[in-house]
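A structural walkthrough
Given next are the chains, with one letter for each unit.
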Number of protein chains: 2
Amino acid sequence: MEITRKNFKESLEVIETAINECSFLAFDGEFTGLNHAGMSHAAIFDTPEERYYKVVQGASDFLLNQFGFCTFSYDGTTKTYTAKPFNFYVFPRPFSRAAPDVRFTCQSSSLDFLMSQGFDFNKWISEGVSYLRPVDEASLKDQIIKKHEVLSSPAFISPSGGSQPPGINKSPVEIPPEQKDFVDDICKRVEKFLESGEHESYSLPPCNGFQRKLTYQSLEAKFGSDIHLQGKTNDKKERYIVVTKIKDSDDVKRIEENKQAQDLAEVDDAVGFTKVIKMISQSGKLIVGHNMLLDVAHTIHQFLYPLPQDYEEFKSMCHCVFPRMIDTKLMSNTQPFKDRVENSGLSYLHTLTQMPPFVKPEVVLPEEWDNKYKTEMLHEAGYDAYITGQCFIALSNYLGQCQSPPTERIPPGSPLLQPFLNKIFMMRSLDIPYMDLCAPDLNPARDHVFHITFPKEWKNSDISQLFAQFGNVHIGWIDDVSAYVALNSKSVANYVLKTLCKKGSVYRIRSYNDHKNPKYDEGTI
Amino acid sequence: MEITRKNFKESLEVIETAINECSFLAFDGEFTGLNHAGMSHAAIFDTPEERYYKVVQGASDFLLNQFGFCTFSYDGTTKTYTAKPFNFYVFPRPFSRAAPDVRFTCQSSSLDFLMSQGFDFNKWISEGVSYLRPVDEASLKDQIIKKHEVLSSPAFISPSGGSQPPGINKSPVEIPPEQKDFVDDICKRVEKFLESGEHESYSLPPCNGFQRKLTYQSLEAKFGSDIHLQGKTNDKKERYIVVTKIKDSDDVKRIEENKQAQDLAEVDDAVGFTKVIKMISQSGKLIVGHNMLLDVAHTIHQFLYPLPQDYEEFKSMCHCVFPRMIDTKLMSNTQPFKDRVENSGLSYLHTLTQMPPFVKPEVVLPEEWDNKYKTEMLHEAGYDAYITGQCFIALSNYLGQCQSPPTERIPPGSPLLQPFLNKIFMMRSLDIPYMDLCAPDLNPARDHVFHITFPKEWKNSDISQLFAQFGNVHIGWIDDVSAYVALNSKSVANYVLKTLCKKGSVYRIRSYNDHKNPKYDEGTI
Ligand SMILES: Nc1nc2c(ncn2[C@@H]2O[C@H](COP(=O)(O)OP(=O)(O)O)[C@@H](O)[C@H]2O)c(=O)[nH]1
Ligand SMILES: Nc1nc2c(ncn2[C@@H]2O[C@H](COP(=O)(O)OP(=O)(O)O)[C@@H](O)[C@H]2O)c(=O)[nH]1
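Computed from a predicted model, the values in this text were never measured in an experiment. Residue numbering note: each chain is counted from 1, following its sequence as written. A letter from A marks each chain and a number from 1 marks each ligand, given out in the order of writing. In keeping with the predicted nature of the model, local features appear solely for residues at pLDDT of at least 70, side-chain atom pairs appear and are counted solely at 80 or more, and the whole-chain, interface and lining totals rest on all residues. Calculated side-chain values reflect all of the structure's heavy atoms, with hydrogen atoms and water omitted.

1. Overview of the sheet that holds strand S14 (residues 449-453) of chain A
Residues and elements named next belong to chain A. Formally: Strands pair, by our definition, only if DSSP identifies at least two bridges between them. Secondary structure elements are defined from DSSP: runs of H or I of at least 4 residues count as helices, runs of E of at least 2 residues count as strands, and each element is numbered from the N terminus. Axis lines are fitted through C-alpha atoms, for helices just across the contact stretch, and the angle between N-to-C directions can take any value from 0 to 180 degrees. Whether two residues are in contact is decided by their heavy atoms, any of which lying within 4.5 Å being enough.
A sheet is described by the order of its strands in space; here four strands give the open sequence S15-S16-S14-S17, paired in antiparallel fashion. Since the sheet does not close on itself, it has two edges, and those belong to strand S15 (473-479) and strand S17 (508-511), each with one partner. Along the sheet, successive strands turn relative to each other by an average axial angle of 25°, direction set aside. Looking at chain direction, S14 and S17 are connected through four bridges and run antiparallel. Within S17, the position partnered with His451 by the bridge is Arg510. On the sheet, helix H16 (residues 493-500) packs against S14, strand S16 (482-487) and S17 and is oriented at approximately 150° with respect to S17.

This is the structure in structure tokens:
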């Protein structure tokens with residue numbers, strides 16, 4: 001089901017029901033970009049902490065622009081899962097002048113890629129669901145309440161303090177000859193409106209800033225406290241003025257109170273998609289993702305709380321927001337799956353887990369659901385969530401098949417899944433497969449890893465050649481003049497520095513540990 | 001005429017003719033954003049240099065995403081201008097893996113605004129014309145030539161060095177049982193292709209990275225030097241392999257040469273919109289803009305040369321790229337127009353200059369031109385350029401009306417326009433109306449201007465009140481705790497510091513000059 005701001009409100013109940021009744025849910029996000037120029041977001045010897053800092057960088061600059069999730073409910077009688085996929089376009093629409101006007105970065109290759117996968121950028125901008133972090137919601141509501149406290153004092157009924165930019169002289173301006181007709185017309189319209197007595201308020205046609213200034217000034221002078229004026233913006237972003245009749249001072253109060261209620265409701269609407277994330281968080285349901293680090297980090301940062309600088313704080317924040325998570329990319333890179341899954345890309349994994357030795361799970365969409373997922377829609381967040389969930393079911397059940405006696409179905413709460421719980425896959429890492437949200441991270445020995453700097457002209461082959469006598473190596477580029485090099489055979493690690501450290505060589509080589517603790521290094525030289 | 005990458009190449013001739021035959025051209029740009037959070041891009045007491053630094057900031061982060069220009073040719077017989085408006089979507093499409101993958105900033109209010117004005121973001125991303133700065137073009141071509149020098153050595157015919165990420169072990173991998181069918185199928189296809197002798201080359205179906213690795217490895221082992229393999233990317237961003245028959249070593253050379261020619265042509269295509277800017281620049285025609293500082297700066301920075309840090313260098317760069325420019329916003333804010341144009345917004349100015357005392361210029365679109373500009377399309381760059389040119393004609397001719405005897409038409413080269421030539425309007429500035437590209441900028445005395453810092457709670461009214469005894473003031477906010485304050489009556493300037501500088505006050509006040517030269521200030525205390 002595709003959710004935009006057009007059907008968001010009316011869909012909230014369906015969404016809530018789906019979340020509350022499901023066995024687990026899978027999710028996925030799309031982004032306006034992934035990494036900054038010259039900076040890889042994942043290197044093979046990142047520590048979890050280093051990896052996290054790269055993620056924070058990305059999360060504060062790039063935007064999550066599509067969020068998909070899919071709930072899965074199991075029916076024991078038919079042995080079938082019912083899937084309810086939702087796909088949300090999300091856009092930080094500045095709904096009022098006080099609302100945050102978000103700046104974010106785009107990576108042209110990412111936009112190009114999304115476009116080629118059917119992402120609708122017009123829909124995103126014009127119909128994307130808005131969102132507000134709780135702290136922004138609170139401060140906006142606070143501002144509105146404060147503003148109305150000031151406005152409802154009688155001195156402020158005149159709007160001259162409101163919509164004009166500061167630094168402009170506020171004494172009445174003379175009406176230039178060519179504006180006389182305009183002003184006369186406005187005055188006649190308002191006169192007619194006041195006489196007719198039909199409606200409470202009347203919207204003047206949109207006009208430019210100078211004409212609005214003339215309008216405020218002339219109507220105030222002519223009708224004084226008989227009317228109340230309020231600037232508004234229409235769909236085409238044109239400003240216009242609404243005139244309201246005033247009978248007594250209670251009228252003014254009522255208008256201001258209405259305006260305040262409207263303003264608060266507007267903020268409530270703007271909270272939008274944040275409500276859905278809160279529902280998911282509060283449900284405590286198992287959340288499944290595929291290579292989910294970026295998705296989790298962006299989701300928390302964009303919709304709930306800015307990511308903390310401290311990595312350990314991030315881990316506990318994550319665990320607090322989503323208390324149960326499993327990453328199918330981690331599963332498929334772990335035994336007993338690792339040997340059977342030579343490529344853990346989502347689309348490949350999905351195809352693979354529908355064939356023996358896996359058992360294709362029975363998953364149906366409800367009848368009232370749209371049929372678009374009958375065909376492949378890779379990289380649409382809702383579709384990716386839908387197939388991630390299917391992979392999870394197949395992988396889980398395979399763990400059951402391996403039991404003796406075999407079990408047909410492994411539910412999301414099964415102890416067999418415990419080893420994967422709350423561990424987030426660390427892409428490209430060579431020796432630290434995951435971040436562990438509930439325990440200290442792994443800290444593997446890196447005695448066979450070396451840090452090397454070299455001339456810009458060097459390529460993989462130059463490095464391999466330098467290390468040739470020590471057998472095969474893994475090379476992890478840091479930038480174009482430095483890299484980590486890991487030996488395949490750890491036993492020869494002791495000889496590397498003795499052999500390769502030579503005065504006057506164009507490269508410089510150090511052990512991984514010396515590189516990470518340069519002080520120790522400097523001390524012993 | 002709307003230009004996208006679909007009709008760009010075929011339109012180049014029409015564009016070139018229009019530029020070369022015109023009397024002058026008007027232009028306009030649209031942007032993904034204007035200013036950074038908390039930073040105004042224009043303050044009333046900016047010096048031209050300070051203003052320029054703000055512009056550089058914006059130009060390096062935000063993107064010009066639509067460029068419009070409109071040529072105007074005068075026909076003396078019919079006394080009519082023929083207008084040829086062009087509207088370009090421009091997008092930095094990463095056309096190859098080596099091409100720049102541009103990161104840029106968006107401001108959500110700007111996207112929202114453009115969307116409401118009919119900007120088509122899908123068209124922008126999927127059909128926008130690409131561009132390359134000359135320096136990027138040169139380095140890409142250089143890379144291609146160097147790469148082919150290496151590749152055409154026989155050791156590199158095998159593709160194993162090419163498309164694989166560094167750091168991955170390159171010894172042959174064992175074919176997993178479930179991939180046997182795939183590999184067999186590929187081998188059979190290639191066998192059949194080689195037997196048939198019908199075509200020179202054959203494209204294998206797209207597959208995943210692991211399968212491509214298997215394909216390279218198996219085909220190489222089986223067919224050796226009978227075939228040549230090359231990785232390609234299709235429209236859906238899927239990678240696939242093209243197999244080409246090899247009869248002798250000349251074939252290999254020919255294939256590599258073809259590939260090099262293709263790669264170079266690809267870069268040529270990617271230069272795209274930069275070609276148009278070069279044409280405009282080299283034409284030496286008068287360029288008209290409305291409030292054109294951002295347009296000029298972004299155009300130079302994005303399509304030609306990164307903006308220099310030095311402001312004087314910028315001025316000469318500008319003048320060199322566009323040797324003749326006029327800003328209609330500067331015209332309308334200068335006498336004899338200033339008194340007649342109470343609002344110099346483009347749309348307002350356009351309406352105004354079509355009515356007496358101005359004479360609406362006779363402007364026609366060529367018959368073959370599309371008719372979409374019959375209705376207003378404000379904020380489409382091509383349309384804005386079209387009406388900017390109309391304003392320019394009307395304003396110019398008005399200068400002729402004011403002559404004695406009156407002249408009906410003032411051509412773009414008239415000495416009457418000399419006072420406006422190569423001066424760019426400085427928006428919001430109170431006392432420096434323009435940047436002068438060909439002369440030192442104005443340096444008005446600011447003895448009546450003061451810099452004040454104050455508590456965050458202060459508003460316009462607090463400042464006005466503080467200065468009340470000195471008459472009306474202009475307030476130019478810098479941020480929420482500081483502002484410039486300018487007296488309307490300069491004669492009382494001497495008394496301000498004497499009266500307002502008080503020990504223990506919550507504000508701090510200094511003269512503008514002391515604020516700008518704090519060392520001098522510190523020295524005298
Ligand atoms: N000098 C040199 N630098 C390289 C080479 N391969 C990769 N690099 C550098 O290492 C960085 C990371 O490369 P890679 O491991 O492929 O990560 P990715 O760019 O995120 O895919 C690149 O951006 C280059 O700066 C090479 O062959 N020679
Ligand atoms: N404390 C305070 N700050 C203001 C007030 N008006 C403007 N400012 C600050 O001055 C900055 C620039 O305002 P303005 O001159 O309207 O420029 P603009 O934001 O580019 O339209 C704003 O972002 C505010 O931080 C005010 O009434 N009180």
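2. Quick word on the interface of chain B and chain A
Rule in force here: Put simply, buried area is how much 1.4 Å-probe accessible surface two parts lose in total, over both of them, once they are put together. Salt bridges are identified by distance alone: a Lys or Arg side-chain nitrogen within 4 Å of an Asp or Glu carboxyl oxygen. Side-chain atoms alone can form a polar contact between residues adjacent in sequence; in general such a contact is a pair of N or O atoms within 3.5 Å, and within protein one must be able to donate a hydrogen while the other accepts it. When residue character is reported, Ala, Val, Leu, Ile, Met, Phe, Trp, Tyr, Cys and Pro are called nonpolar, Asp, Glu, Lys and Arg charged, and the others, Gly included, polar.
At the junction of the two partners, chain B supplies 51 residues and chain A supplies 53 residues. Where chain B abuts chain A, roughly 4200 Å² becomes buried across the two surfaces, and 52% of that area is made up of carbon and sulfur atoms. Of all residues in chain B, B:Arg103, B:Ser108 and B:Asn122 bury the most surface against chain A, accounting for 15% of the area lost on that side. Counting every contact that joins chain B to chain A gives two salt bridges. Among the salt bridges present, the one from B:Arg93 reaches A:Asp112, with a minimum N-O distance of 4.0 Å. At the junction of chain B with chain A, the criterion picks out 23 residue pairs in polar contact (both at pLDDT 80 or more). Secondary-structure elements contributing two or more residues to the side of chain B that touches chain A are strand S5 (103-107), helix H3 (108-116), helix H4 (121-127), helix H7 (209-223) and strand S15 (473-479) of chain B. The dominant element in the side of chain B that touches chain A, judged by the number of residues it contributes, is H3(B), at seven residues. Partitioning the side of chain B that touches chain A into residue classes produces 19 nonpolar, 21 polar and 11 charged. One ladder, built from five bridges, connects strand S5 (residues 103-107) of chain A with S5(B); its direction is antiparallel. For A:Gln107, the partnering residue across the bridge sits in S5(B) and is B:Arg103.

3. Considering unusual backbone geometry
The omega angle of the peptide bond from A:Gln335 to A:Pro336 is 5°, so this bond is cis rather than trans. In this structure, A:Pro336 sits in the loop between helix H12 (328-332) and helix H13 (346-352). Notably, A:His379 is not glycine yet its phi reads approximately 70°, a positive angle. Examined against the element boundaries, A:His379 turns out to sit in the loop between strand S11 (363-364) and helix H14 (381-401). Its identity is not glycine, yet B:Asn291 carries a phi of approximately 55°, on the positive side. Locating B:Asn291 in the fold gives a position in the loop between strand S9 (286-289) and helix H10 (293-304).

4. With respect to the side chain of A:Thr388
All names here are of chain A. The condition that has to hold: For the exposure calls, accessible area comes from a 1.4 Å probe over protein chains only, and a residue counts as buried if that area is under 20% of its type's maximum, exposed if over 50%, partly exposed in between.
When you line up the elements, Thr388 lands in helix H14. You can call Thr388 buried: its relative accessible area is 1%. Not counting residues within four places of it along the chain, the set of residues in contact with Thr388 comprises Ala26, Val288, Gly289, His290, Thr328 and Leu346.

5. A few points about the nonpolar core
For soluble globular proteins, the rule of thumb is that nonpolar side chains tend to be buried together. Keep this limit in mind: Residue types Ala, Val, Leu, Ile, Met, Phe, Trp, Tyr and Cys, when buried and joined through side-chain atoms within 4.5 Å, form a set referred to as a nonpolar core.
Formed by 191 residues in total, the largest nonpolar core has its most connected members in A:Phe69, A:Phe88, A:Phe273, B:Phe69, B:Phe88 and B:Phe273. Those residues in contact with B:Phe88, other than ones at most four positions away along the chain, are B:Ile3, B:Phe8, B:Ile15, B:Asn65, B:Gln66, B:Phe67, B:Phe69, B:Phe273 and B:Val276.

6. Considering the pairing of S16(A)
Residue and element names in this part refer to chain A. Across the six residues that make up S16, a large majority, six, are buried. Burial along S16 is two-sided: Ser482, Tyr484 and Ala486 facing one way and Ala483, Val485 and Leu487 facing the other are all buried. Pairing geometry for S14 and S16, over five bridges, is antiparallel. Note on S16: the bridge partner recorded for Thr453 is Ser482. Both S15 and S16 contribute to a ladder of six bridges, which runs antiparallel. Across the sheet, Val473 pairs through a bridge with Leu487, a residue of S16. Linking S15 back to S16 in an antiparallel pair, the connection comprises two residues.

7. Comments concerning the site of ligand 1
Inclusion rule: Here a residue counts as near a molecule or strand whenever at least one of its heavy atoms sits within 4 Å of it. The protein chains shown are the only cover counted for residues, whose accessible areas, like all others here, come from Shrake-Rupley with a 1.4 Å probe.
Around ligand 1, the structure places nine residues, and the nearest of them are A:Arg428, A:Lys456, A:Trp458, A:Trp477 and A:Asp480. More than a single chain frames ligand 1: its nearby residues are located in chains A and B. One nitrogen or oxygen atom from the side chain of A:Arg428 is found 3.2 Å from an oxygen atom belonging to ligand 1. In the model, a nitrogen atom of ligand 1 is placed 3.1 Å from a nitrogen or oxygen of the A:Lys456 main chain. Notes on ligand 1: free accessible area 570 Å², of which the protein chains cover 61%. Broken down by class, the residue content of the shell around ligand 1 amounts to three nonpolar, two polar and four charged.

8. Quick notes on the site of ligand 2
Contacts to ligand 2 come from nine residues, most closely from B:Ser40, B:Arg428, B:Lys456, B:Trp458 and B:Trp477. Around ligand 2 the close residues trace back to chains A and B. Measuring from an oxygen atom of ligand 2, one finds a side-chain N or O atom of B:Arg428 at 3.3 Å. Here a nitrogen atom of ligand 2 and a backbone polar atom of B:Asp480 are 3.5 Å apart. With the chains in place, 61% of the 570 Å² that ligand 2 exposes on its own is no longer accessible. Classifying every residue of the shell around ligand 2 by side-chain character gives three nonpolar, two polar and four charged.

9. A look at the environment of B:Asp181
Residue and element names in this part refer to chain B. Topologically, Asp181 is positioned in helix H6 (residues 180-196). In this structure Asp181 comes out as exposed when scored by relative accessible area, which is 63%. With 66 residues separating them in the primary sequence, Asp181 and Met115 have C-alpha atoms 50 Å apart.

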